[in-house]
Amino acid sequence: MLRATLKSLLSRKLRLVLSGFAIILGVMFVASAFVLTDSLGGRFEQLFQTINKDVAVQVQANDESREQATPPLLTEADLDRLTEVDGVRAIVGDASSDGLTPFRKENGKALPPGAPHLGVGLGSDDFVAESLLRVVEGRAAQADSEVTLTRYTAEQTGHKIGDRIKIYVPRSATSPEWTVVGLLEYSGGRATLGGETMVGFTVPEAQRLFYGTTGVFGAAQLQADPGVSQETLKQRVASAMPAGFEALTGEEAAEEQSSALKQLLTFVNWFFLGFALIALLVGMFLIFNTFNIIIAQRSRELALLRALGASWRQVTGSVLVEAVVVGVIASTLGLGAGIGVAAGLQALVSASGFPLPEGGLTVSVTAIVASYLVGVVMTVIAALIPAIRAAGVPPIAAMRDVVRPDKSLRGLTITGGVVTALAVLLLVVGVVGVEGLTAAALGVGVLLAVVGVALLSPALTRPVAGTLGRLVTWGTATGIGRRNTLRNPRRTAVTAAALMVGVTLVSAVSVIGASLKASVTDLVENNLSAAVIVTTALVAPPSGKEGFDPARLERAAQIPGVTRTLSTHATVVDLDGTPNSFILATNLPTAQAMLALDEQDGTLTPTGENEAIVDDGTAETKGWRVGSTFVVDMPVGGERTYTVAGIYQRTPVASGVMMPESQVRYFAGPLALQGFVQVADGADISAVTRQIETLMADYPLVSVVDQATFIGQQTAAVDQLLAIFYVLLALAVLVAFLGIVNTLVLSIYERTRELGLLRAVGMNRRQVRRMVRVESLLMAVFGCLLGVGLGVALGVTVTEVLRNAEAITMVALPYGQLVGFVVAAALAGVVAAWWPAWRASRLNVLDAISYE
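A brief look at the structure comes next. (Residues numbered from 1 in each chain as written. Predicted model: local features only at pLDDT ≥ 70, side-chain atom pairs only at ≥ 80, totals over all residues. Heavy atoms only, no water.)

1. Focus on the overall build of the protein chain
And step 1. Of regular secondary structure, the protein chain possesses 26 helices and 24 strands.
And step 2. Projected onto its principal axes, the C-alpha coordinates of the protein chain cover approximately 100 × 70 × 50 Å.
And step 3. Here the protein chain, with 852 residues, has 49% of them falling under the buried criterion.
And step 4. The contacts of the protein chain with a sequence gap of at least 6 include a subset with a gap of at least 24, amounting to 81%.
And step 5. Per element, the accessible surface of the protein chain, about 37,800 Å² overall, is 59% carbon and sulfur.
And step 6. Averaged over its 63 positive side-chain charges, the protein chain has a centre that lies 23 Å from the centre of its 70 negative ones. (Helix = DSSP H or I, 4+ residues; strand = E, 2+ residues; numbered from the N terminus. Buried < 20%, exposed > 50% of the residue type's maximum accessible area, 1.4 Å probe, protein only. Contact = heavy atoms within 4.5 Å. Areas by Shrake-Rupley, 256 points an atom, 1.4 Å probe, with all protein chains shown as cover. Lys, Arg positive; Asp, Glu negative; His and termini not counted. Charge placed at Lys NZ, Arg CZ, Asp CG, Glu CD.)

Following this line, the structure appears as structure tokens:
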């Protein structure tokens, strides 16, 4: 039986290639996700191990201290006490900071954010023979006016020894200049460890820049005497540990440094796996249809096996063996493709100007097992129902070539209706916003909606595809093509459902994206009177290092045409028991005018220093009203009590707690995060924007744009996100179109005698090709219409949920894109029919008539 199964598989290898391709794509996503994240994780883990290779114990501020606006510092006396601990061979104080962004020599612009921009204080002990850094050209910085650069930093900025380099220092009101006196490289001749830039100062200069005083350090690294383990030394230094500090072994420090990156890589892994699941789900439709058609074509063969003594289990097993073989081969090819994709993505990242740490590809056992497990299991599941049907063919009926009538669609339609009704109910729960159930109801509702419509699709085939068929029927050949499409509603529906899944997701994402873009445009145009907007690019919650000196924006008020300016400050606090809350400080009277604040109760222009205003949503959540008091644990000065002076209506550009500008002295830093500039009617906005850009030239994270450009920047981020989804979902749609090709090819095998008879009675080759193209066109457009309709419904539902959460202000439908999807599906359907149509038209008439 096994030999017969393998011979049958080899005789139909062409028919299984396309179905296997669907599994290849799905497994490729799975493999590339694991290999890419494992490889990147391995590279950065090795990087942090290299950085900490000579560190036995790292002394650093503990978690609680690091959350303070001014974390504690180690003094020279602290380092002396630590040096006296038994087992300490040497100690090196660490004066370092991130965010020190160098400016390019050629155009005077700062290097873009992305990779870390580091600054360190380097003493003579940092350049010993076995150290991580060494001077390769020039000398180390000896005066406070001198700096050294890593070779990679010099390459990026275009500076050489003797040049003056401008560097942005966090929390500074200006960007000072230093003289470059030397170039550095890492051990092994590396210009960079992972795409970072690094500037080396003298230790006193670094302390002054980073901490505001000399003789202090943010951390320290201890080296151990021979024979003293890291854990032993960690226990010994515990007694000499200053308040607010903790000790970590070198291994623990490396693990802590890599933990944030591992969280990001975990997100990337799940992101890719999500698209892998979509591709595999679409592939299951294709495999299910392929095996169904092949079983129908082999009914006489399978019946003969039953007549010769093959049991129900053997027949079922033979089909599943075929599925396993297809799954194993496809998984192997998918694993290889995934490894190639991971290698390509790493090369792409490096070529895009972000050098990765040293390392190669990591193909873990998990990646291999997951690839084969997913590929084989999904293939077998998809082939299970066809396998059971194969064993259920009555031997006598099949050997007599009696065609069994199609089963009634009533049960399938009723099931689909129930599932769809349940999906609608859950989606309504998600929109209404039942506390604690919104996310779960929305997720399950979306899944059931896709399943429900897929189950209903056979019942929709004749009314929808039949109506479409009448629009494209203009002769005998196209009429036969339309009837062929409607002949087997289940087969047509399964083929169309595969396309429906991909188009549903694309359409839903398009609706959400269009709504986001429309909302951004609406809120900026209708809620901001500012013609010029100053923003700060943040990659993390504000820490006081980012932003601009508000005095610079005050100088903008002197520019001709400028009527008013507003700076806003933000910081993260514990707000009345709620940690990680954002609060703002600004000029409240100006904010009321420029941000269009709508007063709901009290006053929005309080005169008291300890008074604040809050939006109505926050007031309702907290149970506050005018006169209520609340406690804020400020970064500077600790807990302070404030009184609610007024409540305003929440808008997308104004929400949360707002305080008078005088309270900035209790924030993490004095820099402002955002600025707004109002101009007079008829003023030259471009000229105003250029002059403000000049004022903000010292701040690399700050951008100055007019209102139209600001809207374009915000919507561009949405477009970039949509582009990523479109590219990844396009692979799922490609699999669906391969399903159409596969269905047509197998259908031609099944209808060989019929095609021969049509040719014999006068149908020419052009008419045969036209007939097949109509079948393909109807399946593609039918699936696309199902997907667009369902995608729009789900997209509007999700958008309504976001609107209830005040993340979106309006629902917008991208009519042009949706029509484009249908047109693209029609064209792709015609293209998908090319090979099957050509094959059908080239059949030999006499051979086709005698085909068994």
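Once the structure has been displayed, the description carries forward.
2. Quick notes on a nonpolar patch on the surface
And step 1. On the surface, a nonpolar cluster with roughly 450 Å² of combined accessible area is contributed by Val365, Val369, Leu373, Val377 and Ile381.
And step 2. In this fold, Val369 is placed in helix H11 (residues 365-391). (Patch = residues over 30% accessible without salt bridge, like charges linked within 9 Å, V, L, I, M, F, W, Y side chains within 5 Å. Salt bridge = Lys/Arg side-chain N within 4 Å of Asp/Glu carboxyl O.)

3. Focus on the nonpolar core
And step 1. Phe285, Leu499, Met500, Phe737, Ile740, Met771 and Val772 are the most contacted members of the largest nonpolar core, which has 60 residues in total.
And step 2. The greatest single-element share of this core, amounting to 14 residues, is contributed by helix H23 (residues 765-804).
And step 3. The contact partners of Val772, leaving out residues within four places of it in the chain, are Leu744, Ala833, Pro836, Ala837 and Ala840.
And step 4. Ile167, Val169, Val180 and Leu222 belong to the second-largest nonpolar core, a separate cluster that totals 36 residues. (Core = buried A, V, L, I, M, F, W, Y, C linked by side-chain atoms within 4.5 Å.)

4. A short note on helix H22 (residues 752-760)
And step 1. Buried within H22 we find Thr752, Leu755, Gly756 and Leu758. Here the buried residues of H22 occupy an arc of 160° about the axis, which is enough to place them on one side.
And step 2. Within two residues after H22, Gly762 carries a phi angle of roughly 125°, on the positive side. (Arc of directions from axis to C-beta.)

5. What about the sheet that holds strand E3 (residues 88-94)?
And step 1. Strand order in the open sheet formed by four strands is E3-E13-E1-E14, with antiparallel pairing between adjacent strands. Edge strands, defined here as strands with exactly one partner in the open sheet, are E3 and strand E14 (245-249). Strand after strand, the sheet turns through a mean of 20° between neighbouring axes, direction not considered.
And step 2. By the bridge criterion, six bridges tie E3 to strand E13 (residues 219-224) in an arrangement that is antiparallel. (Pairing = 2+ DSSP bridges. Axes fitted to C-alpha atoms, helices over the stretch in contact; angles between N-to-C directions.)

6. Structural notes on the packing of aromatic side chains
And step 1. Enumeration over the complete set of coordinates arrives at six aromatic pairs.
And step 2. Ring geometry for Trp178 against Phe201: centres 5.2 Å apart, planes inclined by 75°, an arrangement best described as edge-to-face. Of this pair, Trp178 sits in strand E10 (residues 177-186) while Phe201 sits in strand E11 (residues 197-201), placing them 23 residues apart in sequence.
And step 3. Ring centres 6.2 Å apart and planes at 85° place the aromatic pair Phe210 and Tyr211 in the edge-to-face group.
And step 4. Judged by relative accessible area, Tyr211 falls into the partly exposed class, the value being 22%.
And step 5. Put simply, the rings of Trp178, Phe201, Phe210 and Tyr211 touch in pairs and so form one group of aromatic residues.
And step 6. In this structure, Lys166 packs its charged tip against the face of Phe103, placed 4.8 Å from the ring centre. (Phe/Tyr/Trp six-rings, centres within 6.5 Å; stacked < 30°, edge-to-face > 60°. Lys NZ or Arg CZ within 6 Å of the ring centre and 35° of its normal.)

7. Some points on the side chain of His159
And step 1. In this structure, His159 sits in the loop between helix H5 (151-157) and strand E9 (164-168).
And step 2. On the basis of relative accessibility, which here comes to 7%, the residue His159 falls in the buried class.
And step 3. There is a polar contact of 2.9 Å between the side chain of His159 and the side chain of Thr157.
And step 4. Looking at His159, its side chain comes within polar contact range of the main-chain oxygen of Arg164, at 3.3 Å.
And step 5. With near-sequence residues (within four places) excluded, His159 lies in contact with Phe103, Arg104, Lys105, Leu149, Ala154, Arg164 and Ile165. (Polar contact = N/O pair within 3.5 Å; in protein donor to acceptor, adjacent residues only side chain to side chain.)

8. Let's talk about the pairing of strand E1 (residues 57-61)
Taken residue by residue, a regular strand's side chains alternate between the two faces of the sheet.
And step 1. With respect to burial, E1 is a largely interior element, five of its five residues being buried.
And step 2. By the bridge criterion, five bridges tie E1 to E14 in an arrangement that is antiparallel. Looking at E14, one finds that Ala61 is bridged to Phe245.
And step 3. Across four bridges, the pairing between E1 and E13 is antiparallel. By the bridge assignment, Gln60 is partnered in E13 with Ala219.

9. What to know about the pattern of salt bridges
And step 1. Following the criterion strictly, the structure yields 17 salt bridges and no others.
And step 2. The partner of Asp78 in a salt bridge is Arg81, and the shortest N-O contact between them spans 2.3 Å. Highlighted residues: Asp78 and Arg81, both in helix H4 (residues 76-83), separated by three residues, approximately one helical turn.
And step 3. Residue classification places Asp78 among the buried residues on the basis of a relative accessible area of 8%.
And step 4. A salt bridge links Arg552 to Asp698, with the shortest nitrogen-to-oxygen separation between them at 3.0 Å. Note that Arg552 is positioned in helix H17 (residues 550-556) and Asp698 in the loop between helix H20 (685-695) and strand E24 (702-706), a separation of 146 residues in sequence.
And step 5. For Asp698, a relative accessible area of 13% puts it in the buried group.

10. A word on the environment of Val845
And step 1. Tracing the backbone shows Val845 in helix H26 (residues 845-849).
And step 2. Residues contacting Val845, with those up to four places away along its chain left out, are Gly756, Arg759 and Ala760.

11. Details of the packing of H23 against helix H24 (residues 815-832)
And step 1. Interhelical geometry of H23 versus H24 gives an angle of 155° and a closest axis separation of 8 Å. In terms of orientation, H23 lies roughly antiparallel with respect to H24. Note on packing geometry: the crossing formed by H23 with H24 is right-handed. Where H23 abuts H24, its residues Arg773, Ser776, Leu777, Ala780, Val781, Cys784, Leu785, Val788 and Val792 lie against Leu818, Phe821, Val822, Ala825, Ala826, Gly829, Val830 and Ala832.
And step 2. Broken down by class, the residue content of the contact of H23 with H24 amounts to 14 nonpolar, two polar and one charged. (Parallel < 35°, antiparallel > 145°, perpendicular 65-115°, else oblique. Left-handed = near helix turned anticlockwise from the far one by under 90°. Nonpolar A, V, L, I, M, F, W, Y, C, P; charged D, E, K, R; others polar.)

12. With respect to H23
And step 1. When the terminal C-alpha atoms of H23 are compared, their 58 Å separation across 40 residues agrees well with the 58 Å that a helix rising 1.5 Å per residue should span.
And step 2. Where H23 begins, one side-chain oxygen reaches toward the backbone nitrogen of Arg766, 3.2 Å away; that side chain belongs to Asn764. (Expected span 1.5 Å × (residues − 1).)

13. Focus on unusual backbone geometry
And step 1. Positive phi values are uncommon outside glycine, yet Asp576 reaches one of about 50°.
And step 2. Checked against the element boundaries, Asp576 lands in the loop between strand E16 (562-575) and strand E17 (578-586).
And step 3. Look at Ala596: it is not a glycine, yet its phi comes out positive at around 55°.
And step 4. Relative to the helices and strands, Ala596 resides in the loop between helix H18 (588-594) and strand E18 (599-602).
And step 5. Relative accessible area serves as the criterion here: at 39%, Ala596 is assigned to the partly exposed category.

14. Describing the side chain of Ser97
And step 1. With respect to the element layout, Ser97 can be found in strand E4 (residues 96-98).
And step 2. Under the relative-accessibility criterion, Ser97 is labelled buried at 17%.
And step 3. For Ser97, the contacting residues outside a window of four places in its chain are His117, Leu118, Gly119, Phe210 and Lys545.

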